[in-house]
Amino acid sequence: MRSNRGTVFPASVAAVVVVGVGLIAYARQSSSVNEPPTVEQHWHVAFAFNKCGTELGKIQNNNETQGTDDFLLYQSSGIHTHGDGVIHIHPFSSAGSGKNAKLGTWFKQAGIKISDDKIELPEGLGSMAQDEQCPATDGGSPKPGKLKLLVWNDAASTGDPDVYITGFPDIRFIKDGMAMTLALIPDGADLAPLKPSSAANLAELGAVDQPTSATTTTTAAATATTAAPSDASTTAAATTTTTKG
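An account of the accompanying structure is given in this report. (Residues numbered from 1 in each chain as written. Predicted model: local features only at pLDDT ≥ 70, side-chain atom pairs only at ≥ 80, totals over all residues. Heavy atoms only, no water.)

### What about the pairing of strand β12 (residues 178–185)?
Part 1: Among the eight residues of β12, eight are classified as buried, and the element is accordingly described as predominantly covered.
Part 2: Relative to β12, strand β1 (residues 43–51) runs parallel, the two being bridged by seven bridges. Opposite F47, over in β12, you have M180 as the bridge partner.
Part 3: Taken together, the seven bridges between strand β10 (residues 146–152) and β12 define a ladder with antiparallel strand orientation. (Buried < 20%, exposed > 50% of the residue type's maximum accessible area, 1.4 Å probe, protein only. Helix = DSSP H or I, 4+ residues; strand = E, 2+ residues; numbered from the N terminus. Pairing = 2+ DSSP bridges.)

### Looking at the environment of E35
Part 1: If you trace the backbone, E35 turns up in the loop between α1 (5–34) and β1.
Part 2: Taking the C-alpha atoms as reference points, E35 and I174, 139 residues apart in sequence, are found 10.0 Å from one another.
Part 3: Residues contacting E35, with those up to four places away along its chain left out, are S97, G98, K99 and R172.
Part 4: Among the polar contacts listed, one links the side chain of E35 to the side chain of K99, at a separation of 3.0 Å.
Part 5: Among the polar contacts made by the side chain of E35, one reaches the side chain of R172 at a distance of 3.0 Å. (Contact = heavy atoms within 4.5 Å. Polar contact = N/O pair within 3.5 Å; in protein donor to acceptor, adjacent residues only side chain to side chain.)

### Here we look at helix α3 (residues 103–110)
Part 1: Here α3 lies mainly inside the structure; six of its eight residues are buried.
Part 2: Buried within α3 are the following residues: L103, T105, W106, F107, Q109 and A110.
Part 3: A positive phi of about 75° marks G111, the residue just after α3.

### As for the pairing of β1
Along any regular strand the residues' side chains alternate between the sheet's two faces.
Part 1: Burial within β1 is extensive, with eight of its nine residues counted as buried.
Part 2: For β1 and strand β4 (residues 86–89), the ladder comprises four bridges, and the chain directions are antiparallel. Bridge assignment links V45 to a residue of β4, and that residue is I87.
Part 3: Pairing geometry for β1 and strand β2 (residues 54–55), over two bridges, is antiparallel. Looking across to β2, one finds that N50 is bridged to E55.

### Examining the pattern of salt bridges
Part 1: Considering all chains together, one arrives at seven salt bridges under this definition.
Part 2: The salt bridge involving D187 is made with K148; its shortest N-O contact spans 2.9 Å. Of this pair, D187 sits in the loop between β12 and α4 (202–207) while K148 is found in strand β10, placing the two residues 39 residues apart along the sequence.
Part 3: Bridged by salt links that share partners, the residues E35, K99 and R172 form one connected network. (Salt bridge = Lys/Arg side-chain N within 4 Å of Asp/Glu carboxyl O.)

### Focus on the nonpolar core
Part 1: The biggest cluster of nonpolar side chains holds 30 residues, and the ones touching the most others in it are F47, F49, L103, W106, L149, F173 and M180.
Part 2: Put simply, the parts of the chain that give this core at least two residues each are β1, β4, α3, β10 and β12.
Part 3: Leave out the neighbours within four places in its chain, and F47 touches G85, I87, L103, W106, F107, L149, M180, L182, P196 and S198.
Part 4: Formed by 14 residues, the second largest nonpolar core is a distinct cluster that contains V86, W152, A199 and L202. (Core = buried A, V, L, I, M, F, W, Y, C linked by side-chain atoms within 4.5 Å.)

### Details of the sheet that holds strand β5 (residues 113–114)
Part 1: Spatially, β5-β6-β7 is the arrangement adopted by the three strands of the open sheet, whose pairing is antiparallel. Pairing within the sheet leaves two strands with one partner each, and these edge strands are β5 and β7 (127–129).
Part 2: Bridge count between β5 and strand β6 (residues 118–120): two bridges; the pairing is antiparallel. Note on β6: the bridge partner recorded for K113 is E120.

### What about the state of the cysteines?
Part 1: Summed over the entire model, instances satisfying the criterion amount to one disulfide.
Part 2: Note on cysteine connectivity: C52 is disulfide-linked to C134, with sulfurs 2.0 Å apart. Between C52 and C134, the S-S torsion sits near -75°, and that sign places the bridge as left-handed. Residue C52 is located in the loop between β1 and β2, and its partner C134 is located in strand β8 (residues 133–134); the two are separated by 82 residues in the primary sequence. (Disulfide = S-S within 2.5 Å.)

### Brief notes about the packing of aromatic side chains
Centre-to-centre distance and the angle between the planes together describe a pair of aromatic rings.
Part 1: Tallying each qualifying case throughout the model produces three aromatic pairs.
Part 2: Between F47 and F49, the ring centres sit 5.1 Å apart and the planes meet at 75°, which makes this aromatic pair edge-to-face.
Part 3: By relative accessible area, which is 6% here, F47 ends up buried.
Part 4: In this structure F49 comes out as buried when scored by relative accessible area, which is 3%.
Part 5: A centroid spacing of 5.3 Å and a plane angle of 65° characterise the contact between F47 and W106, whose relative ring orientation is edge-to-face. Separated by 59 residues along the polypeptide, F47 in strand β1 and W106 in helix α3 bring together distant segments of the chain.
Part 6: With a relative accessible area of 3%, W106 lands in the buried category. (Phe/Tyr/Trp six-rings, centres within 6.5 Å; stacked < 30°, edge-to-face > 60°.)

Following this line, the structure appears as structure tokens:
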């Protein structure tokens, strides 16, 4: 009689591998759902684009309107804006919670095309490119601008922001009440005036935004969990280069 022992062991190993991969994926998804911001939290971050010292117009997209092309993107994460200079973060699932609550998630929804060298904004707001010339404010020669993300962990802070020069999409929202400015500025520019104008009344702007109904949230979570983006990033500090000032 021919033994099938030679095929049983490889099949068992393959089954163990499949189960192991599934458990790892489930653990990662569960971790992202339970890590702040969770689906039970509602955060607000003041945000602006600033070109050579001038704050650009605010992104107007609001994907909460059912029937629009962007509604599924909104359902997938719950990270959006109302054209108020605020990123509203109330995750519906792992697609917008924990490590997935980051700028890249919002960039995708807002139609912002970005790399370390160029930013293309939607809605006719223009673009910013590395080394693009910024006019001098003192009557001197223009200076090359550098793309930098300025992050104040507290929008009310009067201190200097953290400055990121690469990996912008991986920068995470780590708490409620932050402020961020993605700017094209010459090296050595004063950073304090570049805080988003919406930071001054962030609490008021956030208070008027209410989460959608429980029915919509439940549907979004069920839809988005299936196609949640991979958890490829660690904290912002680990995935980006930072400088001070």
